[in-house]
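Coordinate inspection notes
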Amino acid sequence: MAQPQVTTKKQQELQQQYTNYKNNLQQLAQRIGEIEQDTEEHKLVLETLGPLPHDRKCFRMINGVLVERTVKDVTPALQTNSEGLKKVLEELVKQYKRQQEDMEKWKKKNNIQVVQQ
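Only a predicted model underlies this, so the values are computations on that prediction, with no experimental measurement involved.

1. Some thoughts on the side chain of His42
In this fold, His42 is placed in helix H1 (residues 2-49). There is a polar contact of 2.9 Å between the side chain of His42 and the backbone oxygen of Asp38. Beyond its immediate chain neighbours, meaning those up to four positions away, His42 contacts Leu78, Asn81, Ser82 and Leu85.

2. Focus: the UniProt feature "coiled-coil region" (unreviewed entry) in the chain
Per the UniProt record, the feature "coiled-coil region" (unreviewed entry) sits at residues 11-38 and 82-109. Helix and strand shares over residues 11-38 are 100% and 0% respectively, and the end C-alpha atoms of the span are 41 Å apart. Along residues 82-109, the helical share is 100% and the strand share 0%, with 40 Å between the first and last C-alpha atoms.

3. As for the pattern of salt bridges
Under the criterion given, the structure shown has three salt bridges. Between Glu34 and Arg31 there is a salt bridge; the shortest N-O distance is 3.1 Å. On the criterion of helical spacing, the pair formed by Glu34 and Arg31 is a turn pair, its members being three residues apart in helix H1. Here Glu34 falls in the partly exposed class, since its relative accessible area comes to 35%. Put simply, Glu104 and Lys107 hold a salt bridge, and the shortest N to O gap is 3.6 Å. Pair noted here: Glu104 and Lys107 are both in helix H2 (residues 71-109), with a separation of three residues, about one helical turn. Lys107 gets classed as buried once you look at its relative accessible area, which sits at 10%.

4. Observations regarding the packing of aromatic side chains
Evaluated as defined, the whole model comprises one aromatic pair. Plain terms: the ring middles of Tyr21 and Trp106 are 5.4 Å apart, the flat faces sit at 45 degrees to each other, and that makes the pair tilted. In this pair, Tyr21 is assigned in helix H1 and Trp106 in helix H2, connecting sequence segments 85 residues apart. The exposure classification of Tyr21 matches that of Trp106, with both residues buried.

Here is what the cut-offs are and how they apply
Residues numbered from 1 in each chain as written. Predicted model: local features only at pLDDT ≥ 70, side-chain atom pairs only at ≥ 80, totals over all residues. Heavy atoms only, no water. Helix = DSSP H or I, 4+ residues; strand = E, 2+ residues; numbered from the N terminus. Polar contact = N/O pair within 3.5 Å; in protein donor to acceptor, adjacent residues only side chain to side chain. Contact = heavy atoms within 4.5 Å. UniProt positions renumbered as here; feature names shortened; annotations may be inferred. Salt bridge = Lys/Arg side-chain N within 4 Å of Asp/Glu carboxyl O. Buried < 20%, exposed > 50% of the residue type's maximum accessible area, 1.4 Å probe, protein only. Phe/Tyr/Trp six-rings, centres within 6.5 Å; stacked < 30°, edge-to-face > 60°.

Structure below.
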C-alpha cells in the first residue's frame, strides 16, 4: 500500500519541478522581451537625435520626472544605457539557454515525456 503513495508523491514532485522550470523560462523570456523593446526604443531615439544640432533643447524622463536638457547632454547617457541594456540582454539570453539545458537534462534524467506543451 505504501508503494503507490511514494510513486504518487514522486510524480507530484516531478510535476512541481517541471512547472517551476516552465515558469522560470517564461519569466526569463518575458524579461528578454522587455529588454529588447527598451533597446529598440533607445536605438530609435539615438537615430532621431543624431542629425539634430547639439545645442537643441530636448526632454528626458528620469525617474518619472521630465527634465529639460540639450541633445549634447542626453546622447552620451542614452548610448551608455543602450550598451548596458545590450549586455543585460546577452546575459539573460545565456541564462535562458542554461535554464533550458538544465531542464532538458532534468527531463532525461527523470525520464520525463511531455504529453502536451
